[in-house]
Amino acid sequence: MDLDSDKVAALFGLGRSRGPWRPLANGDHPSDSRVLTTDRGRWVVRRDRLLSDWHRRHAYRVHRLESAAWQAGIPMPRPVEPPAPAVGYWHNPAGETLVRVSGWLEGHDLRQPGTVSPATVAEAAGWVGATLARVALLGTEDDAGPDDEPTPHPLADWHEWVAEAEVSGHPVATPARALLPLVEEATRLIQEARRDAPRAVLVHGDTSRANVLRTPGGYALIDWDGTRADVPWWEAVNVAFRFATPFNGPTADGDPRVVHPLITAYLDQGGPAGPADVSAFAGMLRSQLAVIAWCLWLALGHRGADPERRDFGLRIVTSAAAEMPRVMRALDGWADLLR
């Protein structure tokens, strides 16, 4: 079903559209979002496709956490309840078509290199740490079932994807092959950490400098579609080491100017703590492996990826092949920053 700005404005009760929507800039990353202006304000409209039962379950998972966070007063865009038929916050009018709306927040993310000072990043890190603790304490452990918690892909799958790339002569084959030993090492660490892990709760799942806005009223956390179940301590550590870099991808950096204020604020706000050893990085590694796997699929043309997304996938996998060796070598030293 084709949905234009007028139809979406009418369906979601947003007022009268003031012209066609415009694409929402997302740096050099592909975006399915549009900015819609009506006589009642500005809105962000996202479009997607309902591809599987997992996608449907995920939509309800996002709705559970996002609605709880909104009701708790966590600074974020206002999610707009969709008209029926709906899947979570998504309107599902026909077939695979999905569309959702949230309120527009005026501000800038923290990715722009050279324009965001270390002091600003440290300040934002403190806010993020406290916010992650608030999310962890929303009481969503009863909503976080086994289907909500991601597990690493079997190593056999990784070998199958690399073989597919090599048979087709795809340029992603070389970086993907180089990643296999690191994928195996990271998967072992994750599996060992999970054996003694506490119960998971729903977490934002994609907190980065791309998804923290600096607005006139303070900071806000956007883009809740990465919601998943995780150990809150692992999530806080994951964000602390990813937040040091403006690049929103499978990389990390042990910058104490970011790690210390974020972890301190998280603990001061009452966020659940955990061991300050390499097991604390299980969530970060699992998140990185998930991103790399998704981008490898995109590069190979899976998930209906268009040329832009295929190129994006290749860039991320290539970057991961360069960054992951450094990350794996740094874990023991980084654990000291958590103590």
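What you see is a predicted model, and the numbers here were worked out from it, not measured in a lab.

So, how was this worked out
- Residue positions are given per chain, counted from 1 along the sequence in the order it is written.
- Given that the model is predicted, a residue must reach a pLDDT of at least 70 before its local features are reported, and side-chain atom pairs must reach 80 or more before they are shown or counted; all residues, however, enter totals for whole chains, interfaces and linings.
- Side-chain metrics rest on all non-hydrogen atoms present in the structure, leaving aside hydrogens and water.
- Strands here are runs of E lasting at least two residues and helices are runs of H or I lasting at least four, both read from the DSSP assignment and numbered beginning at the N terminus.
- A 3.5 Å cut-off defines polar contacts: any pair of N or O atoms within that distance qualifies, except that in protein one atom must be a possible hydrogen donor and the other a possible acceptor, and neighbouring residues in sequence count only when both atoms are side-chain atoms.
- Side-chain atoms within 4.5 Å are what join buried Ala, Val, Leu, Ile, Met, Phe, Trp, Tyr and Cys residues into a set we call a nonpolar core.
- Remark: exposure states derive from per-residue accessible area (1.4 Å probe, protein chains only) relative to the maximum for the residue type, with buried under 20%, exposed over 50%, and partly exposed in between.
- Two residues form a contact once any of their heavy atoms are found within 4.5 Å.
- Two strands are counted as paired when DSSP detects at least two bridges linking them.

1. Things to note about the environment of R111
Next, step 1: Assignment of secondary structure puts R111 in the loop between β7 (97-103) and α3 (118-136).
Next, step 2: The spatial distance from the C-alpha of R111 to the C-alpha of R209 is 5.5 Å, given a sequence separation of 98 residues.
Next, step 3: In this structure the side chain of R111 is engaged in a polar contact, spanning 2.8 Å, whose partner is the side chain of D109.

2. Focus on the nonpolar core
Next, step 1: F241, F243 and W334 are the most contacted members of the largest nonpolar core, which has 80 residues in total.
Next, step 2: Setting aside residues no more than four positions away along its own chain, F243 makes contact with L110, V121, A124, A125, V128, S208, R209, V212, V258 and L262.
Next, step 3: Counting 12 residues, the second largest nonpolar core, distinct from the first, contains L14, W21, V45 and V99.

3. Topic: the side chain of S17
Next, step 1: Inspection of the secondary structure assignment puts S17 in the loop between α1 (5-11) and β1 (22-23).
Next, step 2: Since its relative accessible area comes to 14%, S17 is described here as buried.
Next, step 3: Reaching out from S17, the side chain makes a polar contact with the side chain of D6 at a distance of 3.4 Å.
Next, step 4: For S17, the side chain forms a polar contact with the main-chain oxygen of G19, separated by 2.9 Å.
Next, step 5: Leaving out residues up to four positions away in the same chain, S17 has contacts with S5, D6, A9, L36, T37 and T38.

4. Let's talk about the environment of C295
Next, step 1: Position of C295 relative to the elements: it lies in helix α8 (residues 282-299).
Next, step 2: By relative accessible area, which is 1% here, C295 ends up buried.
Next, step 3: Once the C-alpha coordinates of C295 and V278 are considered, the two residues, 17 residues apart in sequence, prove to be 26 Å apart.
Next, step 4: With near-sequence residues (within four places) excluded, C295 lies in contact with F312, G313, I316 and V317.

5. Brief notes about the pairing of strand β3 (residues 41-49)
Next, step 1: Bridge count for strand β2 (residues 33-38) against β3 is six bridges, and the pairing is antiparallel. Bridged to T38 within β3 is G41.
Next, step 2: The turn joining β2 and β3, which pair antiparallel and follow one another in sequence, is formed by two residues.
Next, step 3: Judged from the seven bridges that link them, β3 and β7 form a sheet pairing that is antiparallel.

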